[in-house]
Amino acid sequence: MYTIKDDLSATLQEIRDAGLWKDERQLTSPQQAHITTTKAQAINFCANNYLGLADHPEVLAAAADALQEWGFGMASVRFICGTQEQHTRLEGALSDWFGTEDTILYSSCFDANGGVFEVLFGKDDAIISDALNHASVIDGIRLSKAARYRYANADMDDLRAQLEAARGARRTVIVTDGIFSMDGYLAPLEQICDLAEEYGAMVLVDDSHAVGFVGAGGGGTPEACGVADRVDLLTGTLGKALGGASGGYVSGPAEVIALLRQRSRPYLFSNAVAPVVAAGSLKAIEIARGSDEARETLQRNTALFRELMTEEGFELLPGSHPITPVMFPGEDGARQAAQIADAMLEHGVYVIAFSYPVVPQGQARIRVQLSAAHSEDDVRACVAAFVAARDEVLGS
Ligand SMILES: *Cc1c(COP(=O)(O)O)cnc(C)c1O
């Protein structure tokens, strides 16, 4: 008799044998710079809490007030009876920030990416996507009937070749993450917009790892690259820098957003964002927009970390994004990175190692993520933990 349990235990064992098993550590504290888990106390250097808004007192207060005023859940999709004033305000706040005509909220950016392509791009159209785009972008594109083209990461010659290959399509869109999450690299948006113009293509940027803290005013990678008025469509998340709860969006021309409200499946067939999340996110946006202070702290922490780690002889990928990959190249790199990350937890610093297939073979790394919530002492403690763990694992 077929039993799925036996079948799956073999698959599960294969995942373990390949060293790819992901264990979940349980936090016994809120998400903040200093966390506790069931096993340890640690400074957290692997959250997407870039601006430290996940437990910001004003965000908590706004969410707590909203719980009383607006209730716990909507128990409805938006178009039936799931739209409160604050959903509309949240969409308006995002449009206002990005300088777009309109914005539509989803439960997550995964859903936003899952819902945007199918509606806008059909069999006569072409979607040209960076090879390192987020899984949700890849899946969203798969759901559309458009012709699909892929270009090597940030490779503008290859992008041009794909645009040539796609000639003749009714609509063409170039799709890229604003920041690539494993490297912290910024997409070359100015060149992408130039090519888009030359070929009559649109540009869609998923700015999840940038919105709120990249660009002088936190407007994201289009602002940082000076192309805010040349990017056609933005997607992004509220689940990272902007409070870190949940929610995603598509922002762009009014007609696009109007059509998404009519046709986009994750929007039409999934529950509205919870009132406390809408209210907390609105406050997070207000804080992120209203002051440069957290962005400056974040930049200072990132610069200090990169400087001290370089002095200590670690190999970092270049850049200025708070995603700071500490590289452990070579055949033994995956094991070294994993052991050093484990050893660092003993020294009170929580970081995560990534290796193949999440990153290319031979490019194992510990991805450190700085936050405005970290103090200078926290950053120094992280560097000290790296040095101590390296000595223990590799010998001094
Ligand atoms: C995190 C992330 C997402 C997913 O966002 P959620 O709101 O958590 O679903 C999508 N795209 C990119 C580029 C991301 O980094």
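Residues numbered from 1 in each chain as written. Predicted model: local features only at pLDDT ≥ 70, side-chain atom pairs only at ≥ 80, totals over all residues. Heavy atoms only, no water.

A.B. asks: I'm lost on the domain arrangement of the chain in this one. Help?
C.D. replies: Where interface size is given, it is often the accessible area lost as the parts come together that is meant. Split by domain assignment, the chain resolves into domain 1 (19–51 + 292–394) and domain 2 (57–289). For domain 1 and domain 2, the distance between their C-alpha centroids amounts to 27 Å. Tallying the contact residues gives 19 residues for domain 1 and 18 residues for domain 2. The junction of domain 1 with domain 2 conceals about 1400 Å² of combined surface from both sides, 58% of it contributed by carbon and sulfur atoms. When residues of domain 1 are sorted by the area they lose upon contact with domain 2, L51, R295 and H321 head the list and together hold 37% of the total. The interface formed by domain 1 and domain 2 includes one salt bridge. Close ionic contact of R365 with D183 constitutes a salt bridge, the shortest N to O distance being 2.6 Å. On the surface where domain 1 and domain 2 come into contact, there are nine residue pairs in polar contact (both at pLDDT 80 or more). Secondary-structure elements contributing two or more residues to the side of domain 1 that touches domain 2 are α13 (293–311), β12 (323–329) and β15 (363–369). (Domains from an automatic or database assignment. Contact = heavy atoms within 4.5 Å. Buried area = accessible area lost by both parts, 1.4 Å probe. Salt bridge = Lys/Arg side-chain N within 4 Å of Asp/Glu carboxyl O. Polar contact = N/O pair within 3.5 Å; in protein donor to acceptor, adjacent residues only side chain to side chain. Helix = DSSP H or I, 4+ residues; strand = E, 2+ residues; numbered from the N terminus.)

A.B. asks: Would you mind showing me how to read helix α1 (residues 4–17) here?
C.D. replies: Think of an α-helix as 3.6 residues a turn; residues three or four steps apart then line up on the same face. For α1, built from 14 residues, the straight-helix expectation of 20 Å at 1.5 Å per residue is met to within 8% by its first-to-last C-alpha distance of 20 Å. Phi turns positive, to about 75°, at G19, one or two residues after α1. (Expected span 1.5 Å × (residues − 1).)

A.B. asks: Would you mind showing me how to read the UniProt feature "binding site: substrate" (unreviewed entry) in the chain here?
C.D. replies: Under the UniProt annotation, the feature "binding site: substrate" (unreviewed entry) is placed at H134 and R367. Its location among the elements puts H134 in the loop between β4 (126–130) and α6 (135–142). Aside from chain neighbours lying at most four places away, what touches H134 is F110, D177 and D206. By the element assignment, R367 lies in strand β15. For R367, a relative accessible area of 11% translates into the label buried. Discounting chain neighbours no more than four positions away, the residues touching R367 are F45, S181, M182, I323, T324, P325, I352 and F354. Only 2.9 Å separates the side chain of R367 from the backbone oxygen of S181, close enough to count as a polar contact. (UniProt positions renumbered as here; feature names shortened; annotations may be inferred. Buried < 20%, exposed > 50% of the residue type's maximum accessible area, 1.4 Å probe, protein only.)

A.B. asks: How do you make sense of the pairing of strand β2 (residues 41–44) when you look at a structure like this?
C.D. replies: Sheet analysis places strand β1 (residues 34–36) next to β2, joined by three bridges and oriented antiparallel. Bridge pairing links I35 to A42 in β2. Pairing between β2 and strand β13 (residues 349–350): two bridges, direction parallel. Along β13, the bridge assignment pairs N44 with Y350. (Pairing = 2+ DSSP bridges.)

A.B. asks: How should I be thinking about the site of the ligand in this particular structure?
C.D. replies: Near the ligand you find 13 residues, and of these C109, F110, D206, T237 and K240 are the closest. At 3.3 Å from an oxygen atom of the ligand is found a side-chain nitrogen or oxygen belonging to H209. For the ligand, whose accessible area on its own is 390 Å², the fraction buried by protein is 83%. Ranked by residues supplied to the shell around the ligand, first place goes to helix α5 (residues 109–120) with three residues. (Near = heavy atom within 4 Å. Areas by Shrake-Rupley, 256 points an atom, 1.4 Å probe, with all protein chains shown as cover.)

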